[in-house]
Amino acid sequence: MFSEIAQYFRTEALPHIWCPGCGIGTITAAIVRSIKTLQLDQNNVVIVSGIGCSSRMPGYLDFNTLHTTHGRALAFATGIKASRPELDVFVIMGDGDASAIGGNHFIHAARRNIDLTAIIINNSIYGMTGGQSSPMTPHDKRATTSPYGNLERPFQILDVAKAAGATYGARATAFHNQLLTKLIVNAYNNPGFSVVETISQCPVSYGRRNKFKTPADMLMWQKEHAVMIGQKEAVGEDFSIGEIFKSEAPEYTGEYAKLRQRLKGE
Amino acid sequence: MSKARLMQGNEACAEGALAAGVKFYAGYPITPSTEIAEIMAEKLPLIGGTFIQMEDEIGSMAAIIGASLTGAKALTATSGPGFSLKQENLGYAIATEVPCVLVNVQRAGPSTGLPTSPAQADVMQARWGTHGDHPIIALCPSSVQECYELTVKAFNFAEEFRQPVIMLMDEVVGHLREKVELPDAVEVVERKKPSVSPDEYIPYANNESMIPAMANFGDGYRYHVTGLTHGENGLPTGKPAVAEKYLERLTRKLDPYLDRIQLYEEILLEDAELIVVAYGGPARSALEAVHAARSEGLNVGFFRPITIWPFPQEALEKYAGRQFLVPEMNSGQLVGEIERVVGRRQVQRLNRIDGELITPDQILQRIREVMTHVQ
Ligand SMILES: Cc1ncc(C[n+]2csc(CCOP(=O)(O)OP(=O)(O)O)c2C)c(N)n1
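What counts and what doesn't
Residues numbered from 1 in each chain as written. Chains lettered and ligands numbered in written order. Predicted model: local features only at pLDDT ≥ 70, side-chain atom pairs only at ≥ 80, totals over all residues. Heavy atoms only, no water. Helix = DSSP H or I, 4+ residues; strand = E, 2+ residues; numbered from the N terminus. Rg over C-alpha atoms; globule rule 2.2 N^0.38 Å. Contact = heavy atoms within 4.5 Å. Areas by Shrake-Rupley, 256 points an atom, 1.4 Å probe, with all protein chains shown as cover. Lys, Arg positive; Asp, Glu negative; His and termini not counted. Charge placed at Lys NZ, Arg CZ, Asp CG, Glu CD. Pairing = 2+ DSSP bridges. Axes fitted to C-alpha atoms, helices over the stretch in contact; angles between N-to-C directions. Near = heavy atom within 4 Å. Polar contact = N/O pair within 3.5 Å; in protein donor to acceptor, adjacent residues only side chain to side chain. Nonpolar A, V, L, I, M, F, W, Y, C, P; charged D, E, K, R; others polar. Phe/Tyr/Trp six-rings, centres within 6.5 Å; stacked < 30°, edge-to-face > 60°. Buried < 20%, exposed > 50% of the residue type's maximum accessible area, 1.4 Å probe, protein only. Lys NZ or Arg CZ within 6 Å of the ring centre and 35° of its normal. Disulfide = S-S within 2.5 Å. Salt bridge = Lys/Arg side-chain N within 4 Å of Asp/Glu carboxyl O.

**Regarding the overall build of chain B**
Then, in step 1: Secondary structure summary: chain B contains 13 helices and 16 strands in total.
Then, in step 2: Scaling as 2.2 N^0.38, a compact globule of 375 residues should have a C-alpha radius of gyration of about 21 Å, and chain B matches this with 21 Å.
Then, in step 3: The principal-axis extents of the C-alpha atoms in chain B amount to approximately 70 × 45 × 45 Å.
Then, in step 4: In chain B, 76% of the contacts between residues at least 6 apart in sequence involve partners at least 24 apart.
Then, in step 5: Of the accessible surface of chain B, which amounts to about 13,900 Å², a share of 49% is contributed by carbon and sulfur atoms.
Then, in step 6: Charge centroids of chain B, computed over 34 positive and 48 negative side chains, lie 2 Å from each other.

Below, the structure written as structure tokens:
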């Protein structure tokens, strides 16, 4: 029910820009529900995004919101969190935003294990610019800039996150909305850099070119190909959902606070 | 009371930032600016501030904007190649009106150029490096003392006008060591915070002062910040009338304050037939040359723009009709402004692009040549 979460929306910013059938709306609702579940103070929440369809989300939400430049959301968020660690900082990025132009900031945010909750909306495509391939477009799939099928191999962004030092990685889909809400709550509760990859559907710029007739077909694909981690191995087009990895490591802003404390003692 | 100290320009810049209340530094190492980062790394954690070495200059610029939005006075420093990388987010800070200070200790370019040699190669990049119409403030010190004083001013301008300010230094002043007098206290300006309740707060109000009050993230004023063209409420707009209003204010926001922003120095101008216009490191050579020329009986004067952007054109316009000589450590950048103001025929150039400082002798030589021509 929208009325349950209406207080978190800027209704004056509506209508939104997303196409009919787009997955970003349901993901937005999941994010807002997780913030509600966590009972976070709206004044203390900052939502940062890059550029793309996904990144338009913060504009519709009633928090401290920052819509930055393409790929740079995590670098802006790093400045916010490092300067004022008590703020609850969520970062919304598209797959291209996070893994192509923002790839460097992504691995370094992970390496620092800075306490940000990063949500990557993976619709397998550059949505905003009309359907060009991204580093997360699956092999062989079509995009306007890979009209003969994508020759490149896609990133497994959670593998990248883990290898770079992130301490929490989870995956859900626009279809698995309740799971997504739960995973965002857990990601927030992890004191370090947390990544939630959300498989989403872009019917207009991806679906049409890749044999999906309707948005519902894309949601069915998400349902059929998602396998819960620990229950079954993901093979072929299948992918795991749930908590993919979790570990403990020193968190950047905490370490910096300790440094200040130590210097006071000297 | 003030304390005298022997200091390097970069060090004085860092000290000025601390005096102005800097609390956050993000940067990426690059010669000849690195000393500023090193000093910040050492000092900021001691005063409850934060230093972070980012993965590149794009991220550094992003991080200081983020920090500034939480209320921290924020600084970054770089040189040519890094200055290029900062341009996109510099534009973002301008569009979103987030105060911050960006130091560029210029070196010779293009590209990697001559990393340890002085130049004034980024004068036009400081003005138009980021895309789109925009206001900018760039200050140009020519002594170590000024590195200190102008850095304080840069922060004050940034906070007062919600505007990124560029400290356009050069390797000459950045690495020069000379005596500075550090005052016990400096005038420090803080950004204007909203005086109304969150319900009434208009984050990008087109008010008369042209400078909207700025709430910090986390202080109860929830609002949207975007690099998209936005209305007074901060939300993106595609409406031409709203876009025009925003851009009108943004591009003219400094106009009411120009007399305070445009700093310059005038020496021996009254009877000067030839005026040497110089800024930054080469202004030192220029002033020496002007004095030497005077002792030879030549009527030469000295005009030094300290604020190079917005260019102090009205101050210079007063001398239209005289002859001008513009020495620069580039192939001719600021000279275009001077030509625009006083007319191309009145202006002679003196350029040096081999990575060496223009010497007083070189300038004196040219003064003599031009003066014989004038007489
Ligand atoms: C520096 C820069 N380069 C390119 C663009 C153009 N651009 C806007 S959004 C976008 C890609 C968006 O794709 P993605 O990040 O996957 O997000 P989506 O729109 O699919 O949510 C691009 C290339 C830009 N705005 N800035």
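What follows continues from the structure just given.
**A short note on the sheet that holds strand β13 (residues 300–305) of chain B**
Residue and element names in this part refer to chain B.
Then, in step 1: Spatial ordering of the open sheet is given by β11-β13-β12-β15-β16, a layout of five strands whose pairing is mixed. Single-partner strands in this sheet number two, and they are β11 (264–267) and β16 (347–351). Across this sheet, the average inter-strand angle for adjacent strands is 20 degrees, counted without regard to direction.
Then, in step 2: Of the strand pairs in this sheet, β11 and β13 are connected by four bridges, and their pairing is antiparallel. Each residue of the ladder has a partner; that of Ile267, found in β13, is Phe302.

**A few points about the site of the ligand**
Residues and elements named next belong to chain A.
Then, in step 1: Taken together, 17 residues form the shell around the ligand, and within it Cys53, Ser54, Gly96, Asp97 and Gly127 come nearest.
Then, in step 2: Within the contact set of the ligand, an oxygen atom lies 2.5 Å away from a side-chain nitrogen or oxygen of Ser54.
Then, in step 3: Within the backbone of Asp97, an N or O atom sits 2.7 Å from an oxygen atom of the ligand.
Then, in step 4: Compared with its free state, where it exposes 580 Å², the ligand has 76% of that area covered by protein.
Then, in step 5: In terms of residue count, helix α4 (residues 95–101) provides more of the shell around the ligand than any other element does, four residues in total.
Then, in step 6: Tallied by class, the residues present in the shell around the ligand amount to six nonpolar, eight polar and three charged.

**Some details on the packing of aromatic side chains**
Residue and element names in this part refer to chain B.
Then, in step 1: Going through the model one piece at a time under the given rule, you end up with 16 aromatic pairs over all chains.
Then, in step 2: Measuring from centroid to centroid gives 5.7 Å for Phe217 and Tyr223, while their planes differ by 75 degrees, and the two rings are edge-to-face.
Then, in step 3: Look at Tyr264 and Phe303: their rings are 5.5 Å apart centre to centre, the planes differ by 15 degrees, and that puts the pair in the stacked class. Placement of the pair is Tyr264 in strand β11 and Phe303 in strand β13, with a sequence separation of 39 residues.
Then, in step 4: By relative accessible area, which is 33% here, Tyr264 ends up partly exposed.
Then, in step 5: Classification of Phe303 by relative accessible area gives buried; the value is 0%.
Then, in step 6: In textbook terms, an aromatic cluster arises when at least three aromatic residues are bridged by ring pairs, as seen for Tyr201, Phe217, Tyr221 and Tyr223.
Then, in step 7: Positioned over the ring face of Trp128 is Arg127, at 3.8 Å from the centre of the ring.

**Side note on the environment of Glu38 of chain B**
Residues and elements named next belong to chain B.
Then, in step 1: For Glu38, the location among the structural elements is in helix α2 (residues 34–43).
Then, in step 2: In this structure Glu38 comes out as exposed when scored by relative accessible area, which is 52%.
Then, in step 3: Put simply, Glu38 and Leu176 are 138 residues apart on the chain and 17 Å apart in space, counted from C-alpha to C-alpha.

**Some thoughts on the state of the cysteines**
Then, in step 1: Summed over all chains, the structure comprises zero disulfides over all chains.
Then, in step 2: Cys202 of chain A forms no disulfide, and the closest cysteine sulfur to it belongs to Cys19 of chain A, at a distance of 6.5 Å.
Then, in step 3: By relative accessible area, Cys202 of chain A is classed as buried at 10%.
Then, in step 4: Looking at Cys147 of chain B, it has no disulfide partner, and the nearest cysteine sulfur is the one in Cys13 of chain B, 6.5 Å off.
Then, in step 5: Judged by relative accessible area, Cys147 of chain B falls into the buried class, the value being 0%.

**A word on the pattern of salt bridges**
Then, in step 1: For the structure shown, the criterion picks out 27 salt bridges over all chains.
Then, in step 2: Across the pair Arg222 of chain B and Asp62 of chain A runs a salt bridge whose closest N-O atoms are separated by 3.0 Å. With Arg222 of chain B in the loop between β9 (177–183) and β10 (224–226) and Asp62 of chain A in the loop between β1 (45–49) and β2 (64–67), the pair connects residues from two separate chains.
Then, in step 3: Linked through salt bridges whose partners overlap, the residues forming this network are Arg84 and Glu86 of chain A together with Asp219 of chain B.

**Section: the environment of Val195 of chain A**
Residues and elements named next belong to chain A.
Then, in step 1: Following the sequence through the fold, Val195 ends up in strand β6 (residues 194–199).
Then, in step 2: According to the relative accessible area criterion, Val195 is buried, its value standing at 0%.
Then, in step 3: Each C-alpha atom, one on Val195 and one on Lys162, is 9.3 Å from the other, the two residues being 33 residues apart in sequence.
Then, in step 4: With near-sequence residues (within four places) excluded, Val195 lies in contact with Phe106, Ala118, Ile120, Leu158, Ala161, Ala166, Tyr168, Gly169 and Ala170.

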